[in-house]
Amino acid sequence: MLQLNHIQNNKDDVLVRLAIKHFDGTKIIDDIIAHDTDRKKTQAELDNILAKLNAVSKEIGQLMAQKKSEEAEAKKKETASLKEEAKQLEEKKSQIEKVLHDLLVRVPNLPHVSVPNGRTPEENVVVREGGEEPKLTADSKPHWELTTQYNLISFELGNKITGAGFPVYMGKGAKLQRALISFFLDKAIAAGFLEIQPPLMVNADSGYATGQLPDKDGQMYFVNEDGYYLIPTAEVPVTNIYRDVLLKEEELPVKMCAYSQCFRREAGSYGKDVRGLNRLHQFDKVEIVQLEHPDKSYATLDAMVSHVEGLLNALGLKYRILRLCGGDMSFASALTYDFEVYSAAQKKWLEVSSVSNFETFQSNRMKLRYKDKNGKINLAHTLNGSALALPRIVAALLENYQTSEEGIRIPDVLRPYTGFDWIK
RNA sequence: GGAGAGAUGGCUGAGCGGUCGAUAGCGGCGGUCUUGAAAACCGUUGAACAGCAAUGUUCCAGGGGUUCGAAUCCCUUUCUCUCCGCCA
């Protein structure tokens, strides 16, 4: 959520920046400014009335104490009209505030100045590439054939038990999942992130705080009975640990990591890139979350990018890092780097991580603040990134490490976790 | 699921219709003393909105009500604790 003062004082700049995200803010920003001005005016009027009312009440109290009950009764009559006025102003104020909030919550975050202009994924900017493309034999297969051949994953069983997009992992396929999760968590912990095991369902307040609601309503699974949402990412519960928290400056940065299953309805994306592990409704991910001082958040973003890059290097995958253009960025983000790994058998890039700085967008919604050395209270910055999401990593590992005779090789760094060197 | 008790500032905990944004202790910050530290002593110490400021308004779990006036009374929701039941 953007800060009202910032909108009031930088209207033109806000509109220009929103346009980079292809969001036409002309009408809604004017609306917000008008409502905010009205809010202030109403608040001032109400404060005035209440001040009078408080003064009269105090007088009555004093008169009563002096046993001058007749004078007190006379004073009481004075309050009637004031009370009526106050009531009306209060109703007006809460009405304005409700409208204002509903408007504010629909405005996306402003992109950072370095965000490239562009509308489609093709216009994202490649920051750098790394890793080697494997040399596969002519008979190499896509992962959805390998998983069947080696009995690692059954998409059919998932279909039977639940529906499309809920695979069943078996044997070495299941073990590989656990190995990756442990490997990613250990790396995050070694980098100073505190491991968290969060709830997999959150309430609406949490959904609003990190920006999934109301923007992504309909993309999350909803548990009707209790009004809970299945988390689309551990970012939601983990960041919300610090909802309504006032930190001391020296407590920053806060670094947390979490493994969780993630649930996404992916409504509207049927038919495209959904084969095998490419797009699932339930998947595993290790997430890193960081709360940071505003002056340091972009250095921290770079550090988080390096951390993710280190994981891909360790796994020996060919990857590239993209700076997302305005049109491809998420609602809440100010700057996002996407990581893609190259799937040699599918001959395409698969997105495996997204690392973003949200600046104060989330912290403003969730009142996550810190008190600086001068006692002044400021909003902290929030950042998060996948480190990493499993399914497409698994897809790339299976495809890129396949051989024609011996089976699929396990990268060296994972062998202590899997307990086996080959999938045969 | 049933029965009872409770929710107050960073923490503990008083207040139970008016001068209460709230007593006290701990913690935090500043100071005196000290070579330094501890102890002791003194001072200070919640947040939001409006305002250059003075100041005003609001907040004692959330929402509603009674009253000239509510942390205090009533209703309601949520959560916590104790006991019973059920159960991984």
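This report concerns the structure included in the present document. Nothing here was measured: the structure is a model prediction, and the numbers come from that model.

Section: the protein's contact with RNA strand B
Surrounding RNA strand B, one finds 16 residues, the nearest of these being D47, S57, K76, K83 and K371. Among all atoms of RNA strand B positioned within 4 Å of the protein, those belonging to sugar or phosphate total 72%. Interatomic distance of 3.2 Å between a side-chain N/O atom of R39 and a sugar or linking oxygen of RNA strand B. The backbone of S57 places a nitrogen or oxygen atom 2.9 Å from a base nitrogen of RNA strand B.

Details of the packing of aromatic side chains
The geometry of an aromatic ring pair is captured by two quantities: the separation of the ring centres and the angle between the planes. Inspection of the entire model under this criterion finds 6 aromatic pairs. Ring geometry for F183 versus Y417: centroids 6.0 Å apart, planes at 70 degrees, classification edge-to-face. In this pair, F183 is assigned in helix α7 (residues 171-190) and Y417 in helix α13 (residues 415-418), connecting sequence segments 234 residues apart. Judged by its relative accessible area of 3%, F183 falls in the buried class. Over the ring of F420 we find K172; its NZ or CZ atom is 4.7 Å from the centre of that ring. The ring of F193 has K255 sitting right over it, with the charged end atom 4.6 Å from the ring centre.

What to know about the sheet that holds strand β15 (residues 377-379)
The mixed open sheet is built from 3 strands, whose spatial order is β8-β14-β15. Since the sheet does not close on itself, it has two edges, and those belong to β8 (246-248) and β15, each with one partner. Here the average twist between neighbouring strands, direction ignored, is 35 degrees. In terms of strand pairing, β8 meets strand β14 (residues 369-371) through 3 bridges, oriented parallel.

A word on helix α2 (residues 11-20)
Residues of α2 that are buried include every one of V14, L15, R17, L18 and I20, and no others. The inward-facing, buried residues of α2 contact α1 (4-9) and α3 (26-65). Phi turns positive, to about 60 degrees, at H22, one or two residues after α2.

Observations regarding unusual backbone geometry
Residue P253 is bonded to the preceding L252 through a cis peptide linkage, with omega at -5 degrees. Tracing the chain through its elements places P253 in the loop between β8 and β9 (254-263). For the peptide bond that leads from A387 to L388, omega is 0 degrees, which places it in the cis range. Mapped onto the secondary structure, L388 falls in strand β16 (residues 381-389). Despite not being glycine, H22 shows a phi value in the positive range, around 60 degrees.

What counts, and where the lines are drawn
Residues numbered from 1 in each chain as written. Chains lettered and ligands numbered in written order. Predicted model: local features only at pLDDT ≥ 70, side-chain atom pairs only at ≥ 80, totals over all residues. Heavy atoms only, no water. Near = heavy atom within 4 Å. Polar contact = N/O pair within 3.5 Å; in protein donor to acceptor, adjacent residues only side chain to side chain. Phe/Tyr/Trp six-rings, centres within 6.5 Å; stacked < 30°, edge-to-face > 60°. Helix = DSSP H or I, 4+ residues; strand = E, 2+ residues; numbered from the N terminus. Buried < 20%, exposed > 50% of the residue type's maximum accessible area, 1.4 Å probe, protein only. Lys NZ or Arg CZ within 6 Å of the ring centre and 35° of its normal. Pairing = 2+ DSSP bridges. Axes fitted to C-alpha atoms, helices over the stretch in contact; angles between N-to-C directions. Contact = heavy atoms within 4.5 Å.

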